[in-house]
Amino acid sequence: MEIYPLKDGDFSVDKNKNFTYLEDTENDKNLKMAVQPFLIETAGNLILLDAGLGWVENGIPKIHNNMIKAGFQPKDVKLAMLSHLHKDHIDGLVNREKNDWTLNFPNAEVYLQKREYDFALSKEGSPSFDLDVLKFIVENANIVWMDSDKGSITSEIDFEVTGGHTPYHQVFWIKEDGETAFYGADNLPQMGYLNYQIAFKTDYDGKKAMEERIIWKQRAQEEQWKILLYHDIENEIISLGK
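Since this is a predicted model, take the numbers as computed values, not measurements. (Residues numbered from 1 in each chain as written. Predicted model: local features only at pLDDT ≥ 70, side-chain atom pairs only at ≥ 80, totals over all residues. Heavy atoms only, no water.)

A. Up close: unusual backbone geometry. With a phi close to 65°, Lys-17 is a non-glycine residue in the positive phi region. Residues other than glycine seldom take positive phi values, yet Asp-50 does so here, at roughly 60°. Summarising the element assignment, Asp-50 is placed in the loop between strand E6 (46-49) and strand E7 (56-57). The buried category is assigned to Asp-50, whose relative accessible area is 1%. (Helix = DSSP H or I, 4+ residues; strand = E, 2+ residues; numbered from the N terminus. Buried < 20%, exposed > 50% of the residue type's maximum accessible area, 1.4 Å probe, protein only.)

B. Spotlight on empty space enclosed by the protein. By the definition in use, this model includes one cavity of 30 Å³ or more. By volume, the largest cavity amounts to about 40 Å³. Leu-93, Leu-103, Asn-104, Phe-105, Val-110, Ile-137 and Ala-141 together form the lining of the largest cavity. (1 Å grid on protein atoms, 1.4 Å probe; cavity = no way out; pocket = protein on both sides within 12 Å on 5 of 7 lines; lining within 4 Å. Points joined across faces, edges and corners; volume = space filled by probe spheres on them.)

C. The arrangement of the pattern of salt bridges in detail. Tallied over the entire structure, the rule returns twelve salt bridges. Here Arg-96 and Asp-130 are joined by a salt bridge, their closest N and O atoms 3.3 Å apart. Here Asp-130 lies in the loop between helix H3 (114-121) and helix H4 (131-140) and Arg-96 lies in the loop between strand E10 (94-95) and strand E11 (102-103), a separation of 34 residues in the sequence. According to the relative accessible area criterion, Asp-130 is buried, its value standing at 19%. (Salt bridge = Lys/Arg side-chain N within 4 Å of Asp/Glu carboxyl O.)

D. Spatial organisation of the environment of Lys-29. Relative to the helices and strands, Lys-29 is located in the loop between strand E3 (19-21) and strand E4 (31-35). For the pair formed by Lys-29 and Val-13, sequence separation is 16 residues and the distance between their alpha carbons is 9.3 Å.

E. Representation of the sheet that holds E3 within the structure. Across the sheet, which stays open at both edges, the three strands sit in the order E3-E2-E4 with antiparallel pairing between neighbours. The sheet is open, and its two edges are formed by E3 and E4, each paired on a single side. Here the strands of the sheet are splayed against their neighbours by 40° on average, with no regard to which way each runs. With five bridges joining them, strand E2 (residues 9-13) and E4 adopt antiparallel strand pairing. The residue bridging Val-13 from the neighbouring strand is Leu-31, located in E4. (Pairing = 2+ DSSP bridges. Axes fitted to C-alpha atoms, helices over the stretch in contact; angles between N-to-C directions.)

F. View of the packing of aromatic side chains. Under the defined criterion, the tally for this structure stands at 16 aromatic pairs. Both rings, one in Trp-173 and one in Trp-225, keep their centres 6.0 Å apart while their planes meet at 75°; by these two values the pair is edge-to-face. Of this pair, Trp-173 sits in strand E16 (residues 170-176) while Trp-225 sits in the loop between helix H5 (206-223) and strand E18 (226-228), placing them 52 residues apart in sequence. Both residues of the pair, Trp-173 and Trp-225, count as buried. Here a set of aromatic residues connected by ring pairs shows up, and it is made of Phe-11, Phe-19, Tyr-21 and Trp-55. (Phe/Tyr/Trp six-rings, centres within 6.5 Å; stacked < 30°, edge-to-face > 60°.)

G. Structural detail: the packing of H3 against H4. Interhelical geometry of H3 versus H4 gives an angle of 145° and a closest axis separation of 11 Å. Judged by the twist between their axes, the crossing of H3 over H4 is left-handed. Mapping the contact onto sequence places Tyr-117, Ala-120 and Leu-121 in H3 and Leu-131, Leu-134, Lys-135 and Val-138 in H4. Across the contact of H3 with H4, the residue classes break down as six nonpolar, no polar and one charged. (Left-handed = near helix turned anticlockwise from the far one by under 90°. Contact = heavy atoms within 4.5 Å. Nonpolar A, V, L, I, M, F, W, Y, C, P; charged D, E, K, R; others polar.)

Structural data, given as structure tokens:
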């Protein structure tokens, strides 16, 4: 398989979940993070893991520019996997540059946890969610509703609902030719999360997320996973030695 980070950029994020490019802010107290979806090419599929912020540059969605630089066209994406429904993970599925919104990946099947969707709808007014975008996706995309706790999407893709960051947050394994890419999304967004056993207060269930990371770290070492880091400024993909 081939893995392509589609990095939106490095950002400062305030308490109201406003994202500003790091180079455009002088506020050192805000959270600092990258936003980088991943595109994975296997023999049979082109898979998008989450979709970023949906920002547009020079009239073109940034995620499109990143994909084209990697040698692909947006129409080529067959499967889009959503870990959870915070706006920095789903807004890149929609081009909102004009009043007439459009899907950025019209040919993709979008895999979405039904229970996570119901939870998101209960968070009206939360700055973490963009419910207008979410509803547009559900009404217009080719949605594949998921309601199982774990299983296989294809022979290459396994998933598991872990909770942690959100109640029905899910993670993915993509496997091909003896290689495993693991996407822990916001339960494992940065390399530093592996180094410290911390239950983060910003998570829905920080203890659960912490416990999962301990298990994943051991498995990643034993099985030589490639770990994809959505919010790490310095690292995109890491492997742990045995």
